[in-house]
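# Survey of secondary and tertiary structure
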Amino acid sequence: GVSLILEVGFYSLSRIKKRTVLAATLSSVKLTLILVLIYLYNGGLSGNMLLLSTISLFLIILITPQKQAWLWFVTITVLVFVMLYLEYQDPAVVQQHYIDRKEQYIDMAMTYLTITCIVYGAMTVLRNSFEKQREFAALQTKKLSDLNDEKNKMLSILSRELNAPILAVKQY
């Protein structure tokens, strides 16, 4: 509930106040904090955190400015390894909430299904955007080619039209 309210706030910050970079950064911080909580309270290494951290990194790289992407990559990767190390050192730091293996498998399967849907959706959006940009570039190339042809035709006509008076002056 709180996460959704925050995302609505970040969306309005991005769209209404035109502070997209700030909204993306705040959303990424929120997502990273949620990852830590999921790790600590949802089974740690035996839970779905590694899958979620991977898709979270993917989404963060998609929404943040390119200059920030490497920073988020390093931050989330280090965070995952720190949490794995802490669990290795003291397994009690992570709470196990799975009643049995069936519940754990259902959780992992649903997480995998959710992640694959998100990746498919994101890649579809990226592919559509790429196709639109490619079509736009092809249209612009065609327009430039047509303009260049018109320019050459006009220069050819001007050359012929100016050639006759210049020859007349030369012969005079």
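Let me sum up the structure you'll find in this document.

Within the protein, the regular secondary structure consists of 5 helices and 0 strands. Ordering the α and β elements of the protein from the N terminus gives α-α-α-α-α. Relative to the compact-globule value of 16 Å for 172 residues, the protein shows a C-alpha radius of gyration of 29 Å, a clear excess of over 25%. Referenced to the eigenvectors of the C-alpha coordinate spread, the extents of the protein come out at roughly 105 × 30 × 30 Å. Of all 172 residues assigned to the protein, the portion counted as buried reaches 21%. Of the contacts formed within the protein by residues at least 6 apart in sequence, a portion of 67% connects residues at least 24 apart. Of the accessible surface of the protein, which amounts to about 13,000 Å², a share of 69% is contributed by carbon and sulfur atoms. Of note, the protein has its 17 positive side-chain charges centred 12 Å away from the centre of its 12 negative side-chain charges.

Let's shift gears to the nonpolar core. Soluble globular proteins tend to pack their nonpolar side chains together in the buried interior. By size, the foremost hydrophobic cluster in this structure holds 9 residues: Tyr 39, Met 49, Leu 57, Ile 60, Trp 72, Ile 76, Val 80, Met 83 and Val 94. Put simply, the parts of the chain that give this core at least two residues each are α3 (49-63) and α4 (66-89). With 4 residues, the single largest contributor to this core is α4. Ile 76 has contacts with Thr 32, Ser 53, Leu 57 and Ile 60, leaving out every residue within four places of it along the chain.

Right, let's talk about the environment of Thr 64 for a bit. Along the chain, the position of Thr 64 falls in the loop between α3 and α4. C-alpha separation for the pair Thr 64 and Ser 159, spaced 95 residues apart in sequence, amounts to 54 Å. Beyond its immediate stretch of four places on either side in the chain, Thr 64 contacts Ala 24, Ser 28, Ala 69 and Trp 72. At 2.8 Å, the side chain of Thr 64 and the backbone oxygen of Ile 60 are in polar contact.

Thresholds applied
- The numbering scheme is per chain: residues are counted from 1 as the chain's sequence reads.
- Confidence filtering applies because this is a predicted model: local features only for residues at pLDDT of at least 70, side-chain atom pairs given and counted only at 80 or more, and all residues used for totals across whole chains, interfaces and linings.
- Note that the side-chain values use all heavy atoms of the structure and ignore hydrogens as well as water.
- For helices the rule is a DSSP run of H or I covering at least 4 residues; for strands it is a run of E covering at least 2, with both sets numbered from the N terminus onward.
- The globule rule is 2.2 Å times the number of residues to the power 0.38, and the radius of gyration it is compared with is taken over C-alpha atoms.
- Classification of residues uses two cut-offs on accessible area relative to the type maximum, computed with a 1.4 Å probe and protein chains only: under 20% is buried, over 50% is exposed, and between them is partly exposed.
- Note on contacts: a residue pair is in contact if any heavy atoms of the two residues lie within 4.5 Å.
- Residue exposure ignores everything except the shown protein chains as possible cover, and the areas themselves are Shrake-Rupley values with a 1.4 Å probe.
- In this tally Asp and Glu are treated as negative and Lys and Arg as positive; neither His nor the chain ends contributes.
- A single reference atom marks each charge: NZ on Lys, CZ on Arg, CG on Asp, CD on Glu.
- Only buried Ala, Val, Leu, Ile, Met, Phe, Trp, Tyr and Cys residues count toward a nonpolar core, and they belong to the same one when joined by side-chain atoms within 4.5 Å.
- Contacts described as polar in this section are N or O atom pairs within 3.5 Å, which, within protein, must combine one atom able to donate a hydrogen with one able to accept it, while residues neighboring in sequence count only if both atoms come from side chains.

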